[in-house]
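Each chain, written out:
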Amino acid sequence: MRHSNHGPVLTRMLGDTGSLIFVVVLIALTVAVPLCNVYLPEASALHVTDYTVALIGKYLTYALLAVAIDLIWGYCGILSLGHTAFFGLGGYAMGMYLMRQIGDRGVYGNPVLPDFMVFLDWEHLPWYWHGMDIFPFAMAMVVLVPGLLALVFGGLAFRSRVTGVYFAIITQAMTYALMLAFFRNEMGFGGNNGLTDFKDILGYELSADGTRNALFVASGVGLLLGFLIARFIVTSRLGRVLEAIRDAESRTRFTGYRVAYYKLWIFTVSAMLAGVAGALYVPQVGIINPSEFSPIASIEAVVWVAVGGRGTLYGAALGAGAVNFAKTWLTGAYPEIWPYALGILFVAVTLFLPKGIVGLVSQLRRRMRRKEPS
Amino acid sequence: MKTPALLESFSDRSRVFDFVNRPAAGAKPDVRHGTILYVEDITVSFDGFKALDALTLYVDAGELRCIIGPNGAGKTTMMDVITGKTRPDAGRAWFGQNIDLLSLDEPGVAQAGIGRKFQKPTVFERHTVHENLELAMAGARGVWPVLLARLSGEQAAHIDETLELVGLAERRHDAAGSLSHGQKQWLEIGMLLMQEPELLLIDEPVAGMTPQEVERTADLLTRLAGKRSVVVVEHDMEFVRSIARTVTVLHEGRVLAEGPMDTIQNDPRVVEVYLGE
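Residues numbered from 1 in each chain as written. Chains lettered and ligands numbered in written order. Predicted model: local features only at pLDDT ≥ 70, side-chain atom pairs only at ≥ 80, totals over all residues.

Engineer: Quick rundown of the nonpolar core? Include the residues and the values.
Structural biologist: The nonpolar side chains of soluble globular proteins are, as a tendency, buried together. Residue and element names in this part refer to chain A. Formed by 166 residues in total, the largest nonpolar core has its most connected members in L65, A66, V67 and A317. Considering each element in turn, this core owes the most residues, 17 residues, to helix α3 (residues 50–76). If near-sequence neighbours (up to four positions away) are discounted, A66 is found in contact with A301, W304, V305, G308, A316, A317, G319 and A320. (Core = buried A, V, L, I, M, F, W, Y, C linked by C-beta atoms within 7 Å. Buried ≥ 20, exposed ≤ 12 C-beta atoms within 10 Å, placed from the backbone. Helix = DSSP H or I, 4+ residues; strand = E, 2+ residues; numbered from the N terminus. Contact = placed C-beta atoms within 7 Å.)

Below is the structure:
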């Protein structure tokens with residue numbers, strides 16, 4: 001049983017226990033990790049190493065990508081197997097800004113051209129690199145470029161009523177095409193090396209402790225805002241229309257809703273969120289290259305959502321954290337097992353945990369409650 | 001069309017372009033001539049089979065019309081054409097005198113004021129009963145207005161009224177999927193009412209219902225007629241007899257007979273079609 005909630009916006013958004021716990025834990029994590037990194041001595045048991053700060057920061061950006069995917073998959077039934085394309089484009093926009101920040105400190109010392117362009121004997125900056133040295137402009141591109149691609153691609157697909165597995169397949173093709181394009185040196189994005197050797201962001205050195213912690217906080221805040229935007233959408237009447245499209249698309253049409261517009265809108269919003277996630281990711285890992293566009297990366301991201309629990313938003317974020325934690329640990333301890341583990345995980349979750357970790361937790365809680373009265 | 005012919009068609013002064021004809025959003029059907037639905041010479045063929053064969057049919061404003069006919073007579077195809085799901089090969093379909101139904105898609109037809117109830121009850125199963133009615137409620141259909149929509153007191157009261165009318169007030173917070181078959185049918189009728197349509201198309205409303213449920217549904221539908229026009233497609237003759245004033249019999253995509261129930265039942269052509277089945 002679920003209740004329509006028509007109360008004030010904040011109670012509407014944080015009315016359910018899961019979302020509230022998630023927001024509280026996320027805020028605590030965003031505050032505590034940098035504090036434990038900076039103020040606790042290294043000998044302390046609660047000290048968080050620099051490595052861990054960067055690692056969790058990366059997980060936070062993955063979690064934002066997972067929230068973006070859950071927004072369309074969990075609530076509107078749109079399965080995108082190409083969402084890292086938007087993540088990657090956001091990342092490249094940020095990467096271009098960071099490249100321009102290097103200035104004449106590159107190997108070739110060219111004040112305007114990034115190293116790889118000098119290496120290719122280019123004389124001028126390509127037109128699309130102009131303005132990317134201006135931070136606000138670059139940040140606008142982080143949102144607008146993925147949004148525009150989603151608008152055009154989704155517009156074509158949804159108008160033609162491409163749905164389900166066919167849509168999933170063409171999104172794979174989209175991200176694959178982008179990967180091949182970005183591998184080419186002529187594209188002007190550094191070919192297969194991508195963009196790297198970043199020096200600083202907004203004048204702050206990237207390798208400095210303060211910058212690392214600031215980026216961590218930015219990722220936490222980014223995830224929080226992304227989550228709240230997504231919650232605002234799914235708890236509005238629009239959210240209920242999206243669920244109606246997911247459950248009975250044709251009925252929704254006969255009720256007078258232009259299904260294609262709704263799908264296009266939410267797909268575009270989701271792509272923009274994914275772009276922001278990519279932009280937060282790049283300065284923390286220090287590189288962006290075409291492998292981010294690989295079809296398998298998008299499938300992995302969908303697995304996070306499935307593992308965490310579709311259609312809850314916080315479940316998706318949780319899944320992203322849990323799967324990537326397992327990945328970090330496994331690829332360190334037994335690198336050859338990881339692909340198998342991922343496959344088995346997906347099959348097991350589909351078979352035994354159709355509602356993911358979140359579903360398992362609520363099932364256990366219900367069982368506990370049933371035992372109590374006896 | 002070849003290019004010269006295409007260019008010529010633009011300079012053809014008697015031609016009316018589609019965008020000129022398109023009714024303004026929210027336009028109401030003009031029923032000054034007393035007719036709300038004009039279906040004229042509609043032909044639909046699927047792989048050579050004529051599902052509708054120059055079907056012509058008029059429905060008066062405020063009328064409760066029953067349409068009967070054996071399987072394959074074209075009843076559902078007719079509804080598909082009217083609601084924008086199927087494009088006919090030929091013919092015209094107008095809603096009042098001013099709205100060309102063939103120029104609209106499904107949401108457009110729904111927004112113009114035609115509500116459709118399917119044969120199988122189709123409600124939003126995972127939404128609550130209350131949410132189902134809220135989604136169906138006439139009003140904003142654009143993405144941004146819907147994102148910011150809040151339920152006004154008046155609207156909430158309207159939903160409550162409809163809940164009472166269809167007898168689901170106590171189930172308002174339950175998922176629609178948990179309702180019985182009959183209750184789902186009523187919920188769907190309630191959703192149609194929330195859409196405030198001028199014309200309701202209802203496909204087999206009593207299939208699979210208990211006698212008590214049938215009675216209640218008949219009561220609901222008769223109450224609707226007058227204020228709105230209702231077209232009911234049904235197999236159950238007993239039910240048709242209990243609600244209809246005018247009955248149209250479809251056979252092989254055409255109108256076979258039309259008139260009051262008693263005349264229809266004694267029409268030898270109708271008897272033959274039904275007994276021959």
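Engineer: Report on the sheet that holds strand β7 (residues 199–203) of chain B, specifying residues and quantitative values.
Structural biologist: Sheet strands line up and pair through hydrogen bonds in the backbone, either parallel or antiparallel. All names here are of chain B. In spatial order, the strands read β6-β7-β8-β3-β9-β10; together these 6 strands make up an open sheet with mixed pairing. Both edges of this open sheet fall to β6 (114–117) and β10 (254–259), since each of them pairs with a single strand only. Adjacent strand axes in the sheet meet at a mean angle of 20 degrees, parallel and antiparallel pairs treated alike. Where strand β3 (residues 64–68) and strand β9 (residues 246–251) come together, 4 bridges link them in parallel fashion. Each residue of the ladder has a partner; that of C66, found in β9, is V247. Helix α3 (residues 75–82) rests against β3, β6, β7, β8 (229–233) and β9 of the sheet, and its axis sits at about 145 degrees to β7. (Pairing = 2+ DSSP bridges. Axes fitted to C-alpha atoms, helices over the stretch in contact; angles between N-to-C directions.)

Engineer: Tell me about the confidence of the model for chain B, and please be specific about residues and values.
Structural biologist: Residue and element names in this part refer to chain B. Averaged over every residue, the pLDDT of chain B is 87; residues scoring 70 or more account for 90%. The lowest-confidence element of chain B is helix α2 (residues 18–21), averaging 50 in pLDDT; the highest-confidence one is helix α5 (residues 129–136), averaging 96. Contacts of residues 20–24 to residues separated by more than four positions or lying in other chains number 6 contacts, the stretch itself having pLDDT below 50. (pLDDT = per-residue confidence, 0-100.)

Engineer: Which residues make up unusual backbone geometry, and what values go with them?
Structural biologist: Of all residues except glycine, most have a negative phi; of all peptide bonds, most are trans. Residues and elements named next belong to chain B. In this model, D47 sits at a positive phi of 50 degrees, which is unusual for a non-glycine residue. With respect to the secondary-structure elements, D47 resides in the loop between β1 (35–46) and β2 (49–60). Under the C-beta neighbour-count criterion, D47 is labelled exposed, with 4 such atoms within 10 Å. Of note in the backbone geometry, E196 takes a positive phi value of approximately 50 degrees without being a glycine. As for its position among the elements, E196 is in the loop between α8 (181–194) and β7.

Engineer: I'd like to hear about the interface of chain A and chain B, residue by residue, with values.
Structural biologist: Taken together, the 25 residues of chain A in the interface contact 28 residues of chain B. Element by element, the count of residues in the side of chain A that touches chain B is highest for helix α9 (residues 237–247) of chain A, at 7 residues. Per-class residue counts for the side of chain A that touches chain B are 11 nonpolar, 6 polar and 8 charged. (Nonpolar A, V, L, I, M, F, W, Y, C, P; charged D, E, K, R; others polar.)

Engineer: I'd like a rundown of helix α13 (residues 314–333) of chain A, residues and numbers included.
Structural biologist: Side chains three or four residues apart in an α-helix point the same way, a direct result of the helix having 3.6 residues per turn. Residues and elements named next belong to chain A. If you check α13, its first and last C-alpha atoms are 28 Å apart, about what 20 residues at 1.5 Å a residue would give, namely 28 Å. For α13, the complete set of buried residues consists of Y314, G315, A316, A317, L318, G319, A320 and V323. Here the buried face of α13 lies against α2 (17–38), α3, α8 (209–234), α12 (295–308) and α15 (356–371). (Expected span 1.5 Å × (residues − 1).)

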